[in-house]
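A closer look at the structure
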Amino acid sequence: MIFGIVSGVVAAAAAGFGLPVMLQYVFPVVFGEAPAPAWLNEWLQGFVSPEHMASALLWGAALLIPLVMTVRGVATYGNSYLLTWAGMNILTRLRTDLFARLQWLSFSFHDRKSRGELMTSVIQFTQNLQHSMVHVLNDLVIQPLTLVAAVAYLVYAAMTSSESAILLGNLIISAACVPVVRLVGKHMIKQTRKALSIRHVITATVEESFAAQREVRAFNLEKKREDALYELITRFNAVSIRCAAWQQALSPAVEFVCALALAYSLYQGCGSGLTLEQFTAIATAFYFCYDPVKRLGSVANQVQIMGVVVNQLNEILLAKDETPEPAEPVAMPEMVAGRVDFEHVTFGYTEDKVVLKDVNVHVPAGQIVALVGPSGSGKTTFINLICRFYDVNSGAVKIDEVDVRRIARADRTRMIGLVSQFSALFRDTIRENIRVGRKGASDAEVEAAGKLACVDEFVQSHPDGYDRVLAEGGVGISGGQKQRVSIARAFLKNAPILILDEATSALDMKSEALIQEALDRLALGHTTFIIAHRFSTIRKAQRILVFEEGRIVADGTHDELYASCMLYKGLYDEQVNQAQEGKETPTC
């Protein structure tokens, strides 16, 4: 960064001061219209004979042109390259910090933001900010210094020539550029905000369509999705064109002001007795004054646009973590018992929508508990609070009598093994996807977990075995196979608290039968929470909690609930009847 700024200083000095000096002092000497300075004659006499003096001056002047331009070019290149290098490093750090921040922010934050908006922020906005920053830094170094160097020459010319002094007043005309820059900047910011909001929706629309390709094709939605995207892109282009129109209007507006000033300088100069050499040098200096003014106007607008982008990024970087790490976490033992308590817990994803209402339940360590109830009754929310994906509105969720809000995130995740309804597999080998359950596990331990989860059955049929690389989202294996890999993670982790959220939902009857016995073995000795739509699975639970409209309305064994809870009996009988008719569907 420092070397880039130094290069900009050199480039600015060569342009703003070097070229005007050459025009006023070097060229008149070469063409014989002015004598060479005495110090130069004395120095050259030590190397050149008097008859070759004119030729030496010509060669010197001729070489001075490429020398000055080379210095200016190399310094400009160094300035641009080094600032770009610094900008890329800042971009890397910014993207990494954004991504890391998103990994730690609460689920509530992610619920409020679309994936398209977050992806645009991490990829596109940071890229735009990097480009703008390099452009701004480059011009903020070179242009002001070029302006200072050019003004310095004009001051020098005014001090050495009374005819030139009157022209300094023309610099005041540059003040007319200020309202032009402000007007353009105001309209550019307005259009930029519109463009950013539309870009969010474009990214979200594309991501949504790619994620739902089966549904898009099954319901013949290709044309509808294309039309929707075309409309968004058309709106984005219209806003971008308006923004570009205002941005491009700045340059000719400032140039017009500069042309007026130069025309007035020509009129004033001729009337005050300026020579052609003096006027040419001063006109060049004026150019190097007004060109930076024009560019700095563009920089001012660019900075305001950067401010809009930075505000968008700050929504992530400065967002409040709604499930923060405890300031003084409770030290948890390496192996916890696994007791879970809900003490008068009330929770809602929004203030006006309460999902759990005064839930008060105590689950001793090692107990297998099934959660049953209609869709939307609060079963998954109950599980989310155990994992502290959200914080309760009131009451407390405790593990081994310690409030989960006082347990460090690393300790909490170590205690809980989760197998959810939707298996998330990463672009990696099957082996590494299983090793997600416990970092540092040996290959033998990974393969042992794979055998318990029946992963071994389909892995061995592939030549790469456990080293088979999966595509994004586990493309290449079936839904049931993905679920087995997810279950293998739980076997490998062997956490004291196990959560099975529709863990066998993606398995066919044969696969479920293969893995259910293994799940039963895994659950032994672990506090286990099961959400499953098949009552054949939850009947093996030692305890069943029945949810209805955010409350636990019944608590007991299958036989107790079937006899005493009409809701449970109705759900169970409905599924039994559907199974007998050959059309079993999830109802709880």
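Here, the structure is the one placed above.
The paragraphs below set out a description of the structure included in this document. (Residues numbered from 1 in each chain as written. Predicted model: local features only at pLDDT ≥ 70, side-chain atom pairs only at ≥ 80, totals over all residues. Heavy atoms only, no water.)

Within the protein, the secondary structure is distributed over 20 helices and ten strands. Counting the 588 residues in the protein, one finds 45% classified as buried. Carbon and sulfur atoms form 61% of the exposed surface of the protein, whose accessible area is close to 30300 Å². (Helix = DSSP H or I, 4+ residues; strand = E, 2+ residues; numbered from the N terminus. Buried < 20%, exposed > 50% of the residue type's maximum accessible area, 1.4 Å probe, protein only. Areas by Shrake-Rupley, 256 points an atom, 1.4 Å probe, with all protein chains shown as cover.)

Here we take up the pairing of strand E1 (residues 340–350). Pairing analysis gives seven bridges linking E1 to strand E2 (residues 353–363), with the strands arranged antiparallel. If you follow Thr350 over to E2, its bridge partner there is Lys353. Summarising the sheet, E1 and strand E4 (residues 394–399) pair through five bridges and their orientation is antiparallel. Each bridged residue has a counterpart across the sheet, and for Phe342 the counterpart in E4 is Val397. (Pairing = 2+ DSSP bridges.)

A separate point is the packing of aromatic side chains. Counted by the stated rule, this structure contains ten aromatic pairs. Residues Tyr562 and Tyr572 carry aromatic rings whose centres are separated by 5.5 Å and whose planes lie at 80° to one another, so their mutual orientation is edge-to-face. Here the residue Tyr562 occupies a position in helix H19 (residues 558–564), and Tyr572 occupies one in helix H20 (residues 566–580), the gap between them amounting to ten residues. (Phe/Tyr/Trp six-rings, centres within 6.5 Å; stacked < 30°, edge-to-face > 60°.)

Three or four residues apart is the spacing at which side chains of an α-helix point the same way, because the helix has 3.6 residues per turn. Burial in helix H14 (residues 443–452) covers these residues: Val446, Ala449 and Gly450. One side of H14 carries all its buried residues, which in axial view fall inside an arc of 105°. Facing away from the buried side of H14 by more than 90 degrees, the exposed set consists of Ala444 and Lys451. Of the surrounding secondary structure, the elements contacted by the buried residues of H14 are helix H13 (430–435), helix H15 (456–459) and helix H16 (479–493). (Arc of directions from axis to C-beta. Contact = heavy atoms within 4.5 Å.)

Its identity as a non-glycine residue notwithstanding, Asp358 has a phi of 50°, on the positive side. One can find Asp358 in strand E2. The partly exposed category is assigned to Asp358, whose relative accessible area is 44%.

Turning our eyes to something else, we now look at a nonpolar patch on the surface. Together, Tyr77, Tyr81 and Trp85 make up a nonpolar patch on the protein surface, roughly 420 Å² of accessible area in all. Relative to the helices and strands, Tyr81 resides in helix H3 (residues 53–104). (Patch = residues over 30% accessible without salt bridge, like charges linked within 9 Å, V, L, I, M, F, W, Y side chains within 5 Å. Salt bridge = Lys/Arg side-chain N within 4 Å of Asp/Glu carboxyl O.)

Below, the discussion takes up the side chain of Asp501. Mapped onto the secondary structure, Asp501 falls in strand E7 (residues 497–501). One buried charged residue, Asp501, forms no salt bridge at all, with the nearest opposite charge on Lys379 at 8.0 Å. Residues in contact with Asp501, not counting those within four places in the same chain, are Thr380, Val419, Ser420, Gln421 and Ile531. (Lys, Arg positive; Asp, Glu negative; His and termini not counted.)

Note on placement: Arg543 falls in strand E9 (residues 543–548). The sequence separation of Arg543 and Gly556 amounts to 13 residues, and the corresponding C-alpha distance is 5.3 Å. Among all residues touching Arg543, those that are not within four sequence positions of it are Val361, His362, Val363, Pro364, Gln367, Ile368, Val369, Ala370, Asp555 and Gly556. Polar side-chain contacts of Arg543 include one of 3.0 Å to the side chain of Gln367. Within the local environment of Arg543, its side chain forms a polar contact with the side chain of Asp555, the two groups lying 2.7 Å apart. (Polar contact = N/O pair within 3.5 Å; in protein donor to acceptor, adjacent residues only side chain to side chain.)

Paired through backbone hydrogen bonds, the strands of a sheet run either parallel or antiparallel to each other. Within the open sheet, the four strands sit side by side as E2-E1-E4-E5. Their pairing is antiparallel. Each edge of the open sheet carries a strand with a single partner, namely E2 and strand E5 (402–403). Of the strand pairs in this sheet, E4 and E5 are connected by two bridges, and their pairing is antiparallel. The residue bridging Ile399 from the neighbouring strand is Val402, located in E5.

Time to look at the nonpolar core. Ranked by size, the top nonpolar core spans 43 residues in total, and within it Ile430, Ile434, Val455, Val485, Ile544 and Tyr568 carry the most contacts. It is H16 that contributes the most residues to this core, six residues altogether. If we ignore the near neighbours within four places in the chain, the residues touching Val455 are Ile430, Ile434, Gly450, Tyr466, Arg484, Val485 and Ala488. In terms of nonpolar packing, the next biggest core, distinct from the first, is built from 32 residues, Val361, Phe382, Ile383 and Ile416 among them. (Core = buried A, V, L, I, M, F, W, Y, C linked by side-chain atoms within 4.5 Å.)

Let us look at H16. If you check H16, its first and last C-alpha atoms are 22 Å apart, about what 15 residues at 1.5 Å a residue would give, namely 21 Å. When you tally the buried positions in H16, you get twelve out of 15 residues, the bulk of the element. Listing the buried residues of H16 in full gives Gly480, Gln481, Gln483, Arg484, Val485, Ser486, Ile487, Ala488, Arg489, Ala490, Phe491 and Leu492. (Expected span 1.5 Å × (residues − 1).)

Looking now at the pairing of strand E3 (residues 368–372). The buried fraction of E3 amounts to five of the five residues, a majority that puts the element mostly inside the structure. Side chains Ile368, Ala370 and Val372 project from E3 onto one buried face, and the interleaved Val369 and Leu371 project onto a second face that is buried too. Relative to strand E8 (residues 527–531), E3 is paired through four bridges, and the arrangement is parallel. Bridged to Val369 within E8 is Phe529. Examined bridge by bridge, E3 and E9 share four bridges and lie parallel to one another. The residue bridging Val372 from the neighbouring strand is Val546, located in E9.

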